[in-house]
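This is what each chain is made of:
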Amino acid sequence: MDTVRTLLIVNPNATSTTPATRDLLAHALESRTQLTVAHTQHRGHAAELAQWASTQEMDLIVVHGGDGTVNETINGFLPLPQVEDDQVWRPRLGVIPGGSANVFARALGISPDPVTATNQLIDLLGRDADRRIGLGLADDRWFTFSAGVGLDADVCEAIDAARAKGRKATPARYLRTTVRQFFRARRHEPSVTVTVPGHDPVESVYYAFVTNSSPWTYLEDRPVRTNPGTTFETGLGVFAMGSMSVTRTLLLARQLLSDNGNPKADALFRIDDVDSVRIDSPGEIGLQIDGDFIGKRKMVHFTSVPSVLDVVAPKPV
């Protein structure tokens with residue numbers, strides 16, 4: 001078998017990374033591949049490292065970090081659809097969870113425990129088991145599992161601010177922040193318009209999620225499903241809410257947390273498999289991508305790009 005040239009990107013500041021786990025992962029990969037290890041040192045560094053790995057035509061990039069580090073990595077090496085595919089080298093991607101939520105890895109069937117996930121990765125590499133998945137584009141930026149405007153972007157912005165002050169992004173902090181941002185957002189009039197080809201525009205929306213997989217996120221170990229019919233092999237899911245009623249929101253939250261949930265509500269526009277969606281707002285509104293606050297926009301165009309990334313992950317059941 002040919003030697004697999006591997007770059008291991010480690011975010012040492014991720015919530016659940018430890019020196020012991022990093023050493024275990026590096027030792028395991030070193031026994032099976034020709035390994036280079038790099039630690040991220042600043043925001044955007046993972047993208048720079050991934051771009052370098054692509055120019056070196058490395059076979060595999062393994063990310064040990066959270067969803068934000070994974071997103072940076074993909075955006076560093078994966079060309080946009082308008083770029084000539086045969087001009088850019090595409091490494092395969094492996095993920096060892098190291099963040100607070102690790103939604104992408106868990107949605108792929110990768111264990112949230114980094115030690116178990118390491119053994120899983122080594123086993124899959126030994127069997128040369130890859131999975132080709134689709135991704136979403138938000139304008140010109142890839143996302144793996146979700147993007148959104150409004151409420152969840154406001155939550156991500158607040159969490160990022162807390163992280164900058166040295167506070168960990170725990171599930172409890174996410175929950176408290178979501179409740180606080182919810183009551184702030186409901187003071188304002190809904191202004192977002194969601195447009196899906198083939199459907200009438202949906203106006204007066206408070207917040208909207210665009211998903212590339214299910215679940216949308218996790219609350220501790222419980223998956224939260226906004227669009228249960230959306231997978232890495234289908235188009236995008238759209239979940240747009242036109243009400244901030246406390247009663248309606250609590251009823252909807254119960255559906256989102258249900259094992260067999262199929263969220264429905266009077267003020268909810270939901271569709272699970274679309275090629276594209278556009279979101280407009282007369283004023284700037286927050287945008288999050290894969291759990292990271294990106295900034296404020298007046299318009300975002302989301303597109304589904306099928307079968308674009310090779311990941312070392314279990315095949316879907």
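Residues numbered from 1 in each chain as written. Predicted model: local features only at pLDDT ≥ 70, side-chain atom pairs only at ≥ 80, totals over all residues. Heavy atoms only, no water.

Where an unreviewed UniProt entry is consulted, the chain appears under the name Diacylglycerol kinase family enzyme, with the organism given as Nocardia ignorata. Regarding the chain, the UniProt comment filed under Sequence similarities (unreviewed entry) reads as follows: "Belongs to the diacylglycerol/lipid kinase family." (UniProt positions renumbered as here; feature names shortened; annotations may be inferred.)

Draft legend 1. Broad picture of empty space enclosed by the protein. For the structure shown, the criterion picks out one cavity of 30 Å³ or more. If you add up the space inside the largest cavity, you get close to 30 Å³. Lining the largest cavity are Val95, Ile110, Ala117, Gln120, Leu121, Leu124 and Val312. With four residues, helix H5 (residues 114-126) is the single largest residue contributor to the lining of the largest cavity. Across the lining of the largest cavity, the residue classes break down as six nonpolar, one polar and no charged. (1 Å grid on protein atoms, 1.4 Å probe; cavity = no way out; pocket = protein on both sides within 12 Å on 5 of 7 lines; lining within 4 Å. Points joined across faces, edges and corners; volume = space filled by probe spheres on them. Helix = DSSP H or I, 4+ residues; strand = E, 2+ residues; numbered from the N terminus. Nonpolar A, V, L, I, M, F, W, Y, C, P; charged D, E, K, R; others polar.)

Draft legend 2. Expanded view of the layout of surface pockets. Volume-wise, the second largest pocket comes out at about 310 Å³. If you trace the second largest pocket, you find 19 residues lining it, with Gly150, Asp154, His188, Tyr206 and Ile285 closest to the centre. Among the secondary structure elements, those contributing two or more residues to the lining of the second largest pocket are helix H6 (151-164), helix H7 (171-185) and strand E15 (276-289). Per element, the largest residue contribution to the lining of the second largest pocket is five residues, and it comes from E15. The class makeup of the residues in the lining of the second largest pocket is seven nonpolar, seven polar and five charged.

Draft legend 3. Just a positive patch on the surface, in detail. A surface patch of positive charge is lined by Arg176, Arg180, Arg184 and Arg187. When you line up the elements, Arg184 lands in helix H7. For Arg184, a relative accessible area of 41% translates into the label partly exposed. (Patch = residues over 30% accessible without salt bridge, like charges linked within 9 Å, V, L, I, M, F, W, Y side chains within 5 Å. Areas by Shrake-Rupley, 256 points an atom, 1.4 Å probe, with all protein chains shown as cover. Salt bridge = Lys/Arg side-chain N within 4 Å of Asp/Glu carboxyl O. Lys, Arg positive; Asp, Glu negative; His and termini not counted. Charge placed at Lys NZ, Arg CZ, Asp CG, Glu CD. Buried < 20%, exposed > 50% of the residue type's maximum accessible area, 1.4 Å probe, protein only.)

Draft legend 4. Main features of the packing of aromatic side chains. Within this structure, the stated rule accounts for five aromatic pairs. Geometrically, the ring pair formed by Phe209 and Trp216 is stacked, given 4.3 Å between the ring centres and 20° between the ring planes. Both residues of the pair, Phe209 and Trp216, belong to the buried class. Residues Phe209 and Phe239 carry aromatic rings whose centres are separated by 5.5 Å and whose planes lie at 15° to one another, so their mutual orientation is stacked. Here the residue Phe209 occupies a position in strand E10 (residues 207-211), and Phe239 occupies one in strand E13 (residues 236-241), the gap between them amounting to 30 residues. Classification of Phe209 by relative accessible area gives buried; the value is 4%. On the basis of relative accessibility, which here comes to 1%, the residue Phe239 falls in the buried class. Members of the aromatic cluster, each reached through a chain of ring pairs, are Tyr207, Phe209, Trp216 and Phe239. (Phe/Tyr/Trp six-rings, centres within 6.5 Å; stacked < 30°, edge-to-face > 60°.)

Draft legend 5. Structural context of the pattern of salt bridges. If you walk through the whole model with that rule in mind, you get nine salt bridges. The residue Asp292 makes a salt bridge to Arg43 at a minimum N-O spacing of 3.8 Å. A residue pair is termed long-range when its members are at least 10 positions apart, and Asp292 in strand E16 (residues 292-311) and Arg43 in the loop between strand E2 (34-39) and helix H2 (45-55) qualify at 249 residues. In this structure Arg43 comes out as exposed when scored by relative accessible area, which is 58%.

Draft legend 6. Representation of helix H1 (residues 19-32). Here H1 contains 14 residues, and its C-alpha end-to-end distance of 20 Å stays within 8% of the 20 Å for a straight helix at 1.5 Å per residue. Of the residues making up H1, those classed as buried are Thr21, Arg22, Leu25, Ala26, Ala28 and Leu29. The buried residues of H1 occupy an angular sector of 165° when the element is viewed end-on, so they sit on one face. Turned more than 90 degrees off the buried face of H1, the exposed positions are Pro19, Ala20, Asp23, His27, Glu30 and Ser31. Residues of H1 that are buried sit in contact with strand E1 (5-10), E2, strand E3 (60-65), strand E4 (92-97) and H5. (Expected span 1.5 Å × (residues − 1). Arc of directions from axis to C-beta. Contact = heavy atoms within 4.5 Å.)

Draft legend 7. Inspection of the domain arrangement of the chain at higher detail. Each assigned domain of the chain is listed here: domain 1 (5-128) and domain 2 (143-306). Its C-alpha centre places domain 1 at a distance of 26 Å from the equivalent point of domain 2. Contacts between the two partners involve 13 residues from domain 1, matched on the other side by 22 residues from domain 2. Both sides together, the interface formed by domain 1 and domain 2 hides about 1,400 Å², and carbon and sulfur atoms give 59% of it. At the junction of domain 1 and domain 2, the tally comes to two salt bridges. Our count for the domain 1 to domain 2 interface comes out at two residue pairs in polar contact (both at pLDDT 80 or more). Elements represented by at least two residues in the side of domain 1 that touches domain 2 include exactly helix H3 (67-77) and helix H4 (103-107). Class assignment for the residues of the side of domain 1 that touches domain 2 results in six nonpolar, four polar and three charged. (Domains from an automatic or database assignment. Buried area = accessible area lost by both parts, 1.4 Å probe. Polar contact = N/O pair within 3.5 Å; in protein donor to acceptor, adjacent residues only side chain to side chain.)

Draft legend 8. The arrangement of a nonpolar patch on the surface in detail. A contiguous nonpolar surface patch, about 510 Å² in accessible area, is contributed by Leu175, Val179, Phe183, Leu219, Val246 and Leu250. Looking at the element boundaries, Phe183 is found in helix H7.

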